[in-house]
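# Fold and geometry: a report
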Amino acid sequence: MNNAKILIPLSKLPLLNIEAVSLIYGESDPELILETLQQFQTEAQGYVSQIALIWHTGAAEDVVRYVHSLKTMTAMVGAEKMSRVCRMLERQLRAKDVVEARRTYGLFEKVWLDTLQQLDLHLLTAQGDAADAQ
Amino acid sequence: MLNDQKPVLLFIDDEQFLLNAYQRMFRQSQWRCLFCTTTLEARQLLELYPVRLILCDYYLTEGTGLEFYRSLTGKFSGVKRILLSGSNEVLGKELTSAGLVDAVLHKPCTKAELINQIDSCLSTKRQQA
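Remember, it's a predicted structure, so these values are computed and weren't measured experimentally.

A word on the overall build of chain A. Of the regular secondary structure elements, chain A holds 5 helices and 0 strands. Seen in sequence order, chain A has helices and strands lined up from the N terminus as α-α-α-α-α. Dimensions of chain A, computed from C-alpha atoms along their principal axes, come out at roughly 50 × 30 × 20 Å. Counting only residues that meet the buried cut, chain A has 34% of its 134 residues in that class.

So this is what it looks like as structure tokens:
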């Protein structure tokens, strides 16, 4: 499933594609989506913080591991732009291309903030809808 | 230990988020699903339950899923194996031809992809290395 969108330019990829969650989980239950996104928000933020913490320590292997995990997690919730940036960063880190990896890390930070903003917006709306329904 | 006759599957992934995802996908399924984050726990579960199929992540905290599969010999050599990989560098055809695994799936996998592969693996006899 992760090969289909490789040729789409980064700028055209969505920050958050909720339909991907339904496709991956095989159901469109709003509660499941909400629960999944909330868990993602907490865990992914933990990984991003860890990456930021060790980025300057030179522990490249640890960074690769966290970026690799984040790549899959973001893909699982349809955070397609972030997933692509993680893929790029992982490849550059594994190739020890420090110059490109530094450039991409700036993008990584920006796209993560944009993704979080989009995620917050979606969660607020979804929680509001759930409250209205009760 | 398990009273029903459902085939038992074992998911191994050191990412709790992904294990939770598999749990959500298969909370109501025709299989009995077990979940763990380490190969140590996996070995304990293999001793306790009649596991038919293992779905293991490639990158684990304590090594790789492939190393874990290689170490499963003797009474566990007939257990079916699916390798889950987040990297396109893992060469599925080579690994399956060599009999090291029964299938390789690239993450993220949809529920439908997982079900198809599980069905396919459970319906055939394991070709051992």
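With 96% of its residues at a pLDDT of at least 70, chain A reaches an overall mean of 91. Per-element confidence in chain A ranges from a low mean pLDDT of 91 for helix α5 (residues 98-133) of chain A to a high of 96 for helix α4 (residues 80-94) of chain A.

Contacts between chain A and chain B engage 17 residues on the former and 17 residues on the latter. Examining the composition of the side of chain A that touches chain B, we find that 7 residues originate from one element, helix α3 (residues 60-76) of chain A, more than from any other. Of the residues assigned to the side of chain A that touches chain B, the class counts are 9 nonpolar, 6 polar and 2 charged.

Residues and elements named next belong to chain A. Two numbers describe how helix α2 (residues 30-54) lies on α5: the axes approach to 10 Å, and their chain directions differ by 150 degrees. One finds that α2 runs roughly antiparallel with respect to α5. The element α2 and its partner α5 pack so that their crossing is left-handed. Mapping the contact onto sequence places Pro30, Leu34, Leu37, Gln38, Gln41 and Val48 in α2 and Trp112, Leu119, His122, Leu123, Ala126 and Ala130 in α5. Taken together, the residues of the contact of α2 with α5 sort by class into 9 nonpolar, 3 polar and no charged.

Moving on: the environment of Leu70(A). All names here are of chain A. Of note, leucine 70 is situated in helix α3. For the pair leucine 70 and valine 48, spaced 22 residues apart in sequence, the C-alpha separation works out to 8.0 Å. With near-sequence residues (within four places) excluded, leucine 70 lies in contact with Ala44, Tyr47 and Cys86.

Quick notes on the rules
- Residues numbered from 1 in each chain as written.
- Chains lettered and ligands numbered in written order.
- Predicted model: local features only at pLDDT ≥ 70, side-chain atom pairs only at ≥ 80, totals over all residues.
- Helix = DSSP H or I, 4+ residues; strand = E, 2+ residues; numbered from the N terminus.
- Buried ≥ 20, exposed ≤ 12 C-beta atoms within 10 Å, placed from the backbone.
- pLDDT = per-residue confidence, 0-100.
- Contact = placed C-beta atoms within 7 Å.
- Nonpolar A, V, L, I, M, F, W, Y, C, P; charged D, E, K, R; others polar.
- Axes fitted to C-alpha atoms, helices over the stretch in contact; angles between N-to-C directions.
- Parallel < 35°, antiparallel > 145°, perpendicular 65-115°, else oblique.
- Left-handed = near helix turned anticlockwise from the far one by under 90°.

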